[in-house]
Amino acid sequence: MKQTNNLIHCITNPISINDCANLILALGAKPIMACHPDEVESITSNSSALALNLGNFDDIRAKSMMISAKCAKENKIPFILDLVGVACSTLRLNYAKELVSLYCPTVIKGNISECKAFYGMTSHAHGVDADIQDEENIYESCKWLKEMALNLGCVVVCSGKVDVITDGKEVNLISNGCEMLSRITGTGCMLNVAIATFLASYSPLLACVKATCYYEVAAEKTECSGPGTFHMHFMDEIYKLTSFDESLFKIEVLG
Ligand SMILES: Nc1ncnc2c1ncn2[C@@H]1O[C@H](COP(=O)(O)OP(=O)(O)OP(=O)(O)O)[C@@H](O)[C@H]1O
Ligand SMILES: Cc1ncsc1CCO
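Residues numbered from 1 in each chain as written. Chains lettered and ligands numbered in written order. Predicted model: local features only at pLDDT ≥ 70, side-chain atom pairs only at ≥ 80, totals over all residues. Heavy atoms only, no water.

A. Geometry of the site of ligand 1. With respect to spatial proximity, 18 residues lie near ligand 1, and among them S159, G160, D163, G188 and E216 are the closest. Between an oxygen atom of ligand 1 and a side-chain N or O atom of D163, the distance comes to 2.7 Å. Contact distances for ligand 1 include 3.1 Å between an oxygen atom and a backbone N or O atom of G186. For ligand 1, whose accessible area on its own is 630 Å², the fraction buried by protein is 89%. Spatially, ligand 1 is embedded in the largest pocket. The set of elements that each furnish at least two residues to the shell around ligand 1 consists of α7 (187-199) and α8 (204-221). (Near = heavy atom within 4 Å. Polar contact = N/O pair within 3.5 Å; in protein donor to acceptor, adjacent residues only side chain to side chain. Areas by Shrake-Rupley, 256 points an atom, 1.4 Å probe, with all protein chains shown as cover. 1 Å grid on protein atoms, 1.4 Å probe; cavity = no way out; pocket = protein on both sides within 12 Å on 5 of 7 lines; lining within 4 Å. Sits in = over half its atoms within 2 Å of the grid points. Helix = DSSP H or I, 4+ residues; strand = E, 2+ residues; numbered from the N terminus.)

If you want it as structure tokens, here you go:
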């Protein structure tokens, strides 16, 4: 990723919005976190990519995300939807299904509980994190995630200890990252905007794989003594990411 000045429009939750904006800046692009329904259409239409996120769902963002998704679709602007909370909220699940059926995003992303809930499978999460009961053999997940991507006609990113990324033809299993990523909130939201930033420069599957690998290698390189210092030093590693050797990427590709 080089300094691009690409504008990345994010409609995302207030819990991690500041981290998301800083992450985009550290990647060399420009964030805009606008969410008023009366301005998002013009902002999306002038952006290079759009990141949508259902976390801390509210009426304003529900309206804006629908407007921006329509605008992105009509203008062929790549966009990603993070399914935050669809496993614990019927409201969000129905909203996500409606948005996807009207304007299928370039990429749909969630943790294992969110992906299962979205695909109509039993899911046990009571909050925004994945529930341990929803974990399964990763190769089992690959089968239905691949089918989900093929049926929807988009790329699916299922995050976790091993991330599954598929366009319905090829499946990439990414085993980079570290446990500390699950000890601070919003690391999934930050990955969402990292992918959006890469979508502005690469084709969808490649953008997802590259963004995820670079993001997780940055996490591996982060020196810390706990979640507080991890949070701070992680952003510094993201800033250095152009110097990372791609031989550090741990990718298994399945047909
Ligand atoms: N145990 C782990 N080991 C390695 N990487 C992990 C682990 N748990 C999560 N990650 C990484 O953390 C990032 C966020 O994934 P996660 O599945 O926790 O997202 P999420 O549930 O949407 O997060 P949030 O809701 O907090 O934003 C991904 O890059 C993922 O690969
Ligand atoms: C904790 C939390 N609650 C709603 S969104 C969010 C950030 C992680 O998705």
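B. Structural context of the nonpolar core. In terms of nonpolar packing, the biggest core is built from 45 residues, with L23, I165, I195, Y215, F234 and I238 touching the most fellow members. Those elements that provide at least two residues to this core are β1 (7-11), α1 (17-26), β3 (49-53), β6 (155-159), α7, α8 and α9 (227-239). At 11 residues, the largest contribution of residues to this core is made by α8. Discounting residues that sit within four places of it in the chain, I238 has contacts with L23, A26, L27, Y215 and A218. In this structure, L81, A87, V164 and V171 belong to the second largest nonpolar core, which totals 41 residues. (Core = buried A, V, L, I, M, F, W, Y, C linked by side-chain atoms within 4.5 Å. Buried < 20%, exposed > 50% of the residue type's maximum accessible area, 1.4 Å probe, protein only. Contact = heavy atoms within 4.5 Å.)

C. Focus on the packing of aromatic side chains. Counted under the stated rule, the structure contains eight aromatic pairs. Every member of this aromatic cluster is reached through a ring pair, and the members are F198, Y202, Y214, F244 and F249. Lying over the aromatic face of F244, K221 brings its terminal NZ or CZ to 4.9 Å of the ring centre. (Phe/Tyr/Trp six-rings, centres within 6.5 Å; stacked < 30°, edge-to-face > 60°. Lys NZ or Arg CZ within 6 Å of the ring centre and 35° of its normal.)

D. Expanded view of the state of the cysteines. Under the criterion given, the structure shown has zero disulfides. C142 takes part in no disulfide bond, and the closest cysteine sulfur, belonging to C158, lies 9.1 Å away. Note on C142: relative accessible area 5%, which makes it buried. In this structure C213 is a free cysteine whose sulfur lies 11 Å from that of C208, the closest cysteine sulfur available. A relative accessible area of 0% places C213 in the buried class. (Disulfide = S-S within 2.5 Å.)

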